[in-house]
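Remarks on the overall topology
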Amino acid sequence: MELKTTPFTETHIALGAKMAEFAGYNMPINYANGINHEHLTVVNGVGVFDVSHMGEFMVEGAKAKQFLGRVCSNTLNLIDGQAQYNCFPNGQGGIVDDLIVYHYNDEKYLLVVNAANIDKDWAWVNKNNEEGVKLTNISDNVAQLAVQGPKAILALQKLTDVKLEDIKYYHFAVGTFAGCADVIISATGYTGAGGFELYFDPKCGKKIWDAVFEAGKEFGIEPIGLGARDTLRLEMGFCLYGHEINDTTSPIEAGLGWITKPAEGKNLIDGELYVRQRAEGVSRKLVAFELQERAIPRKDYELTDGEGNVIGVVTSGCMSPCRGIGVGMGYVKKDFSKTDTKIAVKIRNKEVPALVVKLPFRH
């Protein structure tokens, strides 16, 4: 099966990126200087991610807010120009996908979903469209760049009359950017390093890419691959679909209780379950941990109590570029979930000591 491409695929290849399949797309994992270098470039300066593989759905109509209030876990009391992290409960206690909801007004929303889940999510929203809202899958007509890092605002402000400092975190504006009309400029991103995400017509791809890199040249701007995107989100403790969350994980277990609003009650898919889980507790919890010896935890490694008894499993792990130690997240039995609890990661039949810590790893 031929891999899908983005408006920037040929550019990545020309820049010498290590390419690999991701969610059916041919995507850059890293460039010549490697993941650690790219990670630190974003933390300290500015880097550009091609995230054009993400999915976008429009939700429109008089009952758009009512519809999303039922199929999304979070309460949609949003103002115009506000974005919100959210998830689709699957009616069986698990998560269809996590997503960002962009609120234009009460009758118009943009949903941004994970690339690997576009088809599944599209089927889900259509299946649950009891309100008869207008749903449009615009994924193939939208390109996206995430320009992340503390110097992103200095570079991008050169390219638009929109006052970027006025866009609060998890808010957005629509305006002309690099001479291209109707660009969504969103103060969001999954790196914890600040910056913006840009959504635009794929025909503007080359123009915007070239303009961004020219504007960021004085700040040492670099292209960044999906490898560093993963280590950056992990250092912040952000969940990744297919790792920390999936069709069998509850948001309450995953520490995402803040995006489940039980006040919605029976109107929300799985709403009653969330009320019960809050009241009764859950048997396992997602925790963050730091290794006490030099090693790297990997997905699906067993977590133990240090005495050979399995208590959970690693969902994500890496050698933290900012800290220089092995860090990870994973599910453990509730009794082992408190901060400062001593646990271990089973690596090649050795139990490597670890400590449960508070997030984020990056200070």
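In this report, the structure presented in the accompanying data block is examined. Remember, it's a predicted structure, so these values are computed and weren't measured experimentally. (Residues numbered from 1 in each chain as written. Predicted model: local features only at pLDDT ≥ 70, side-chain atom pairs only at ≥ 80, totals over all residues. Heavy atoms only, no water.)

1. Remarks on the overall build of the protein
What the protein contains, in helices and strands, is 8 helices and 19 strands. Against the compact-globule benchmark of 21 Å for 363 residues, the protein has a radius of gyration of 21 Å, which places it among compact chains. Expressed along its principal axes, the backbone C-alpha trace of the protein runs to roughly 60 × 50 × 45 Å. Per-residue burial over the protein gives 58% buried out of 363 residues. In the protein, once contacts between residues fewer than 6 apart in sequence are set aside, the share between residues at least 24 apart is 65%. On the protein, roughly 16000 Å² of surface is accessible, and the fraction owed to carbon and sulfur atoms is 49%. One way to put it: in the protein the 38 positive side-chain charges average out to a point 4 Å from where the 45 negative ones average out. (Helix = DSSP H or I, 4+ residues; strand = E, 2+ residues; numbered from the N terminus. Rg over C-alpha atoms; globule rule 2.2 N^0.38 Å. Buried < 20%, exposed > 50% of the residue type's maximum accessible area, 1.4 Å probe, protein only. Contact = heavy atoms within 4.5 Å. Areas by Shrake-Rupley, 256 points an atom, 1.4 Å probe, with all protein chains shown as cover. Lys, Arg positive; Asp, Glu negative; His and termini not counted. Charge placed at Lys NZ, Arg CZ, Asp CG, Glu CD.)

2. Points about the layout of surface pockets
Size it by volume and the largest pocket reaches roughly 760 Å³. Along the wall of the largest pocket there are 35 residues; nearest its centre are Phe 22, Arg 229, Asp 230, Arg 233 and Leu 240. Broken down by secondary-structure element, the contributors of at least two residues to the lining of the largest pocket are α2 (35-44), β6 (95-105), β7 (108-113), β12 (195-200), α7 (226-236) and β16 (310-319). When residues of the lining of the largest pocket are assigned to their parent elements, the largest contribution, 6 residues, is made by α7. (1 Å grid on protein atoms, 1.4 Å probe; cavity = no way out; pocket = protein on both sides within 12 Å on 5 of 7 lines; lining within 4 Å. Points joined across faces, edges and corners; volume = space filled by probe spheres on them.)

3. Section: the sheet that holds strand β17 (residues 326-333)
With respect to topology, 6 strands assemble into a closed barrel ordered β14-β17-β16-β15-β18-β19, the strand pairing being antiparallel. Put simply, the sheet's adjacent strands are angled 45° from each other on average, direction ignored. As defined by bridge partners, strand β14 (residues 284-291) adjoins strand β19 (residues 350-357) across 4 bridges and the pair is classed as antiparallel. Along β19, the bridge assignment pairs Phe 289 with Val 356. Against the sheet, α7 contacts β16 and β17, and its axis sits at roughly 125° relative to β16. (Pairing = 2+ DSSP bridges. Axes fitted to C-alpha atoms, helices over the stretch in contact; angles between N-to-C directions.)

4. As for the pattern of salt bridges
What the rule picks out here adds up to 14 salt bridges. A salt bridge links Lys 217 to Glu 214; its shortest N-O distance comes to 3.3 Å. Like Lys 217, the residue Glu 214 is exposed in the burial classification. For Glu 293, the salt bridge identified is with Lys 350, shortest N-O distance 2.9 Å. Linking Glu 293 in the loop between β14 and β15 (302-304) with Lys 350 in strand β19, this pair joins segments that are 57 residues apart in sequence. Judged by relative accessible area, Glu 293 falls into the partly exposed class, the value being 35%. Shared partners join several salt bridges into a network, and the residues in it are Arg 70, Glu 130 and Glu 131. (Salt bridge = Lys/Arg side-chain N within 4 Å of Asp/Glu carboxyl O.)

5. Here's the deal with the sheet that holds strand β9 (residues 143-148)
Taken in spatial order, the 6 strands make up an open sheet running β10-β11-β12-β9-β3-β13, and their pairing is mixed. The open sheet has two edge strands with one neighbour each: β10 (172-177) and β13 (222-224). Strand-to-strand twist in this sheet, taken as the mean axis angle between neighbours without regard to direction, amounts to 30°. Of the strands in this sheet, β3 (47-50), β9 and β13 touch α2, which is tilted by about 115° from β13.

6. As for the packing of aromatic side chains
Scanning the model with the defined rule gives 10 aromatic pairs in all. One aromatic cluster is present, built from ring pairs that chain together Phe 8, Phe 200, Trp 209 and Phe 213. (Phe/Tyr/Trp six-rings, centres within 6.5 Å; stacked < 30°, edge-to-face > 60°.)

7. Focus: the nonpolar core
Here is a general trend for soluble globular proteins: nonpolar side chains tend to be buried in one another's company. Counting 41 residues, the largest nonpolar core has Phe 49, Tyr 85, Tyr 102, Leu 110, Ile 245 and Leu 256 as its most contacted members. Of all the secondary structure elements, the ones that give two or more residues to this core are α2, β5 (82-89), β6, β7, α7, β14 and β17. If near-sequence neighbours (up to four positions away) are discounted, Phe 49 is found in contact with Val 42, Gln 144, Leu 145, Ala 146, Gln 148, Thr 191, Ile 224, Gly 225, Ala 228, Arg 229 and Leu 232. Listed in part, the 31 residues of the second largest apolar core include Ala 143, Ala 152, Leu 159 and Ala 178. (Core = buried A, V, L, I, M, F, W, Y, C linked by side-chain atoms within 4.5 Å.)

8. Quick word on the pairing of β5
The buried fraction of β5 is high, at 8 of 8 residues. Side chains Gln 82, Gln 84, Asn 86 and Phe 88 project from β5 onto one buried face, and the interleaved Ala 83, Tyr 85, Cys 87 and Pro 89 project onto a second face that is buried too. Pairing of β5 with β6 involves 8 bridges; the strand directions are antiparallel. Each residue of the ladder has a partner; that of Phe 88, found in β6, is Asp 97. The antiparallel hairpin formed by β5 and β6 contains 5 residues in its connecting segment, where Gly 91 sits at a positive phi of about 85°.

9. Here we look at the pairing of β16
With 3 bridges connecting them, β15 and β16 associate as antiparallel partners. Counted as the bridge partner of Leu 303 is Gly 312 from β16. Where β15 hands over to β16, the hairpin turn is made up of 5 residues, of which Gly 306 adopts a positive phi near 90°. One ladder, built from 7 bridges, connects β16 with β17; its direction is antiparallel. Residue pairing for β17: Gly 312 is matched across the bridge by Val 332. The turn joining β16 and β17, which pair antiparallel and follow one another in sequence, is formed by 6 residues; a positive phi near 70° is taken by Gly 324.

Function-wise, these values are silent; they only describe arrangement.
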